[in-house]
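A structural walkthrough
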Amino acid sequence: MAGMFDLTGRVALVTGGNGGIGFGMARGLAACGARIVIAGRSAEKNAAAAAELGGQTLALQAELTDPAVPAKLVEEVLAQAGRLDILVNNAGTNIRKAPHMVTDEEWMTVLDTNLTGVMRLTRAAYPALKASGHGRVINIGSMLSIFGVSFSPAYGASKGAVVQYTKSLAAAWSADGITANAILPGWIDTDLTRKARQDVPTLNDAVIARSPSKRWGDPKDFGGIAAFLASDEAAFITGTAIPVDGGFSIQG
Ligand code: NDP
């Protein structure tokens with residue numbers, strides 16, 4: 001990764017960067033010279049991830065479903081790092097339920113984490129991203145931004161909306177030099193899907209059998225795409241949604 005893209009001097013805020021796909025992207029961005037700010041709920045996990053990345057990595061505790069937190073988080077980044085060039089909206093959650101079983105509270109938890117929190121943070125980050133001159137928003141969607149399954153109605157709704165929100169950002173902020181793109185992960189081996197594999201014992205092999213690449217994705221698969229989208233080389237790419245799924249979503 002090092003030397004592939006030059007992000008020297010840029011500051012990247014990665015929500016949910018303390019593990020899983022977020023940490024994979026943080027590692028890729030850091031390898032290209034960006035200073036990383038990790039934001040997640042667990043102070044312990046944040047500190048461990050920051051220590052592993054080393055350098056000047058910052059770790060900030062943030063509950064992104066709290067309406068007041070996103071703006072405070074941006075303030076804190078600017079106070080401690082002085083600028084914000086790259087916003088990676090990665091923090092996400094899922095509650096697996098059939099559509100007729102979902103409670104209001106469960107629906108709001110998923111929507112607040114995956115969509116409303118993303119909107120609040122992105123809105124708060126806009127002045128800093130504009131001031132950067134090459135602001136980047138990278139939103140994490142899902143294969144369920146594209147197609148539907150029976151057991152994740154709130155998650156699918158939130159991730160579909162994230163892609164449309166990304167297009168709105170691209171349309172509105174291109175003139176400010178800000179690009180906005182979404183990454184759509186396939187089945188990736190993280191804490192999120194470990195739980196699903198425990199609940200559905202056949203899932204592990206079913207994913208491998210269906211995937212053209214015959215494997216689960218690894219968080220390391222996301223370092224390159226994050227660094228590329230954050231780089232000057234991707235300045236003319238905006239409003240896109242890029243699957244990173246080993247080909248899983250190409251099949252009907
Ligand atoms: P993980 O469960 O491993 O990581 C989720 C991260 O989000 C954690 O760092 C967690 O921090 C953070 N987070 C969750 N809720 C909040 C919150 N309310 N406030 C702040 N931080 C929060 O999941 P993945 O790495 O798998 O998922 C990352 C993204 O990728 C998500 O948006 C997910 O929907 C998406 N995705 C994942 C897929 C997969 O197969 N794994 C497939 C498609 C999309 P903490 O632990 O400190 O709470």
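Residues numbered from 1 in each chain as written. Predicted model: local features only at pLDDT ≥ 70, side-chain atom pairs only at ≥ 80, totals over all residues.

- In the annotation of an unreviewed UniProt entry, the protein is listed under the name 2-deoxy-D-gluconate 3-dehydrogenase and assigned to Teichococcus aestuarii.
- Note on the protein: under the UniProt heading Sequence similarities (unreviewed entry), the record states "Belongs to the short-chain dehydrogenases/reductases (SDR) family." (UniProt positions renumbered as here; feature names shortened; annotations may be inferred.)

**Topic: the pairing of strand E4 (residues 86-89)**
- Here E4 shows two buried faces, one formed by Ile86 and Val88 and the other by Leu87 and Asn89.
- Strand direction decides the pairing type here: strand E1 (residues 11-15) and E4, joined by three bridges, are parallel. Across the sheet, Val14 pairs through a bridge with Val88, a residue of E4.
- The parallel pair E4 and strand E5 (residues 136-140), bridged by helix H4 (residues 104-132), forms a crossover whose chirality is right-handed. (Buried ≥ 20, exposed ≤ 12 C-beta atoms within 10 Å, placed from the backbone. Helix = DSSP H or I, 4+ residues; strand = E, 2+ residues; numbered from the N terminus. Pairing = 2+ DSSP bridges. Right-handed = clockwise from strand over helix to strand, strands pointing away.)

**What to know about the site of the ligand**
- Close contacts around the ligand come from 29 residues, with Gly16, Gly20, Gly40, Gly92 and Thr190 the closest.
- Put simply, the parts of the chain that give the shell around the ligand at least two residues each are helix H1 (20-31) and helix H6 (191-199).
- Residues that form the shell around the ligand fall into these classes: nine nonpolar, 16 polar and four charged. (Near = placed C-beta within 6 Å. Nonpolar A, V, L, I, M, F, W, Y, C, P; charged D, E, K, R; others polar.)

**Brief notes about the UniProt feature "domain: Ketoreductase" (unreviewed entry) in the protein**
- The sites that UniProt annotates as "domain: Ketoreductase" (unreviewed entry) are residues 10-190.
- For the annotated span residues 10-190, helix accounts for 48% and strand for 17% of the residues, and the straight-line distance between the end C-alpha atoms is 27 Å.

**Some details on the nonpolar core**
- If you look at the biggest cluster of nonpolar residues, it comprises 63 residues, and the most contacted ones within it are Ala12, Leu29, Ala34, Ile36, Val37 and Ala230.
- In this structure Ala34 touches Leu7, Arg10, Val11, Ala12, Leu29, Ile86 and Ala230, once residues within four positions along its chain are discounted. (Core = buried A, V, L, I, M, F, W, Y, C linked by C-beta atoms within 7 Å. Contact = placed C-beta atoms within 7 Å.)

**Let's talk about the environment of Ala180**
- Within the element layout of this structure, Ala180 appears in strand E6 (residues 179-185).
- We classify Ala180 as buried; it has 28 C-beta atoms within 10 Å.
- Sequence separation of Ala180 and Pro201 is 21 residues, and the distance between their C-alpha atoms is 37 Å.

**Some thoughts on unusual backbone geometry**
- In this model, Lys214 sits at a positive phi of 55 degrees, which is unusual for a non-glycine residue.
- On the basis of neighbour count, Lys214 is assigned to the exposed category, with 11 C-beta atoms found within 10 Å.

**Topic: the packing of H4 against helix H5 (residues 153-173)**
- Their axes nearest at 9 Å, the elements H4 and H5 cross at an angle of 15 degrees. With respect to each other, H4 and H5 are oriented roughly parallel. Considering how the two elements wind past one another, H4 and H5 form a crossing that is right-handed. Across the interface between the two elements, Glu106, Trp107, Val110, Leu111, Asn114, Leu115, Val118, Met119 and Thr122 of H4 pack against Ala154, Tyr155, Ser158, Lys159, Ala161, Val162, Tyr165 and Leu169 of H5. (Axes fitted to C-alpha atoms, helices over the stretch in contact; angles between N-to-C directions. Parallel < 35°, antiparallel > 145°, perpendicular 65-115°, else oblique. Left-handed = near helix turned anticlockwise from the far one by under 90°.)

**Overview of helix H2 (residues 43-53)**
- Buried within H2 are the following residues: Asn46, Ala49, Ala50 and Leu53. Around the axis of H2, the buried residues are gathered within 100 degrees of arc, so they sit on the same side. The exposed set on the far side of H2, more than 90 degrees from its buried face, consists of Glu44 and Ala51.
- Taken together, the buried residues of H2 touch H1, strand E2 (35-40) and strand E3 (58-61).
- Once H2 ends, the next one or two residues include Gly54, with phi positive near 70 degrees. (Arc of directions from axis to C-beta.)

**Remarks on the sheet that holds E6**
- Taking strand neighbours across the sheet as the criterion, the seven strands line up as E3-E2-E1-E4-E5-E6-E7 in an open arrangement whose pairing is parallel. The open sheet has two edge strands, E3 and strand E7 (241-244), and neither has a second partner. Along the sheet, successive strands turn relative to each other by an average axial angle of 20 degrees, direction set aside.
- Strand contacts of H1: E1, E2, E4, E5 and E6, with the helix running at about 170 degrees to E1, the strand carrying the most contacts.
- The sheet strands contacting helix H8 (residues 223-230) are E1, E4, E5, E6 and E7, and the helix crosses E5 at an angle near 150 degrees.

**Brief notes about the pairing of E5**
- The buried fraction of E5 amounts to five of the five residues, a majority that puts the element mostly inside the structure.
- Along E5, one buried face is formed by Arg136, Ile138 and Ile140 and the opposite face, lined by Val137 and Asn139, is buried too.
- Bridge count for E4 against E5 is four bridges, and the pairing is parallel. Residue pairing in the sheet places Leu87 in a bridge with Val137 of E5.
- Taken together, the five bridges between E5 and E6 define a ladder with parallel strand orientation. Note that in E6 the partner of Val137 across the bridge is Ala180.
- In this fold, the crossover linking E5 to E6 by way of H5 has right-handed handedness.

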